[in-house]
Amino acid sequence: MALSISTVIAQIRDLVATVTSMERVYSPSETDENAVPAAFNELPCALVLPGPTVGEYILQTGGQRHTYEVKVQVFEAGGDIGSRVNNVLPFVDRIISKFEANVTLGNRANSCVFRRHSGIVGLEYGGVTYSGYEITLEVSEYAPATPAVGS
């Protein structure tokens, strides 16, 4: 297995898209209607983004390990604030359940686990403030490697 953030992001996007009541899930791994949009037209929706490296990238004889965060931002708008936050309230539990049942992302990573969420917050996108969450997953990938001096 080769390291591939693009493959991992695409698989996480696909899993989040199956969450009950999620209208659309966008990510930079996509080039179709699920590509990162200029504006959100279907809500509630989510945006799956690669985050920073956690700890350090490890390269040693025989292998490499990259551990990094993936952010899943859940957005809702419209109506009054009470109905918006009520609509997004169950998404954290639904997303946690998806990743309890898909820890290796179908063998695309060594692990993908829920780490934390922001609580209900205002998330800005395209000049609009939405109600929602930022959910942080931690992914660890391992692949064979042969370190070399190079030229």
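Residues numbered from 1 in each chain as written. Predicted model: local features only at pLDDT ≥ 70, side-chain atom pairs only at ≥ 80, totals over all residues. Heavy atoms only, no water.

(A) Examining the pattern of salt bridges more closely. A complete count under the given rule lists seven salt bridges for this structure. Note that Glu69 and Lys71 form a salt bridge whose closest N and O atoms lie 3.1 Å from each other. Under the relative-accessibility criterion, Glu69 is labelled buried at 11%. According to the relative accessible area criterion, Lys71 is buried, its value standing at 15%. Between Lys71 and Glu134 there is a salt bridge, with the nearest N and O atoms lying 4.0 Å from each other. (Salt bridge = Lys/Arg side-chain N within 4 Å of Asp/Glu carboxyl O. Buried < 20%, exposed > 50% of the residue type's maximum accessible area, 1.4 Å probe, protein only.)

(B) Region of the structure containing the pairing of strand β6 (residues 121-125). In this sheet, strand β7 (residues 128-143) lies alongside β6 in antiparallel orientation, the contact comprising five bridges. Considered in β7, the bridge of Glu124 is made with Thr129. Hairpin remark: β6 followed by β7, antiparallel, with two residues in the connecting loop; positive phi at Gly126, about 60°. (Pairing = 2+ DSSP bridges. Helix = DSSP H or I, 4+ residues; strand = E, 2+ residues; numbered from the N terminus.)

(C) Geometry of the pairing of β7. Burial analysis of β7 places 12 of its 16 residues in the buried class, the great majority of the element. Across 13 bridges, strand β4 (residues 63-76) lies against β7 in antiparallel orientation. Looking across to β7, one finds that Glu76 is bridged to Ser131. Two strands pair when backbone bridges link them, and strand β5 (residues 111-117) and β7 are joined in this way by six bridges, in the antiparallel orientation.

(D) Focus on the nonpolar core. Ile12, Val16, Val72, Val74 and Phe99 are the most contacted members of the largest nonpolar core, which has 26 residues in total. Contributions of two or more residues to this core are made by α1 (5-17), β2 (45-53), β4, α3 (91-100) and β7. By residue number, the principal contributor to this core is α1, which donates five residues. Ignoring any residue separated from it by four or fewer positions in sequence, one finds Phe99 in contact with Ile12, Leu15, Val16, Leu105, Cys112 and Leu137. If you look at the next biggest cluster of nonpolar residues, it comprises eight residues, including Cys45, Phe75, Leu123 and Tyr130. (Core = buried A, V, L, I, M, F, W, Y, C linked by side-chain atoms within 4.5 Å. Contact = heavy atoms within 4.5 Å.)

(E) Broad picture of unusual backbone geometry. For the bond from Leu43 to Pro44, the omega torsion is 0°, close enough to zero to count as cis. Positive phi, normally seen in glycine, also occurs at Ser21, with a value near 75°. Within the secondary structure layout, Ser21 lies in the loop between α1 and β1 (24-26). Residue classification places Ser21 among the partly exposed positions, given a relative accessible area of 43%. One non-glycine residue, Leu105, lies in the positive phi region at around 55°.

(F) Representation of α1. Taking 1.5 Å as the rise per residue, α1 with 13 residues should run 18 Å; its terminal C-alpha atoms sit 18 Å apart, in good agreement. Within the sequence span of α1, burial applies to Val8, Ile9, Ala10, Gln11, Ile12, Arg13, Leu15 and Val16. Along its buried surface, α1 packs onto β1, β2, β4, α3, β5 and β7. (Expected span 1.5 Å × (residues − 1).)

(G) How the structure looks around the environment of Ala46. Along the chain, Ala46 turns up in strand β2. Sequence separation of Ala46 and Ala17 is 29 residues, and the distance between their C-alpha atoms is 8.3 Å. Once residues within four sequence positions are removed from consideration, Ala46 is found in contact with Val16, Met22, Arg24, Val25, Tyr26, Val72, Gln73 and Val74.

Note that every value here comes from positions in space, so none of it alone points to a role or purpose.
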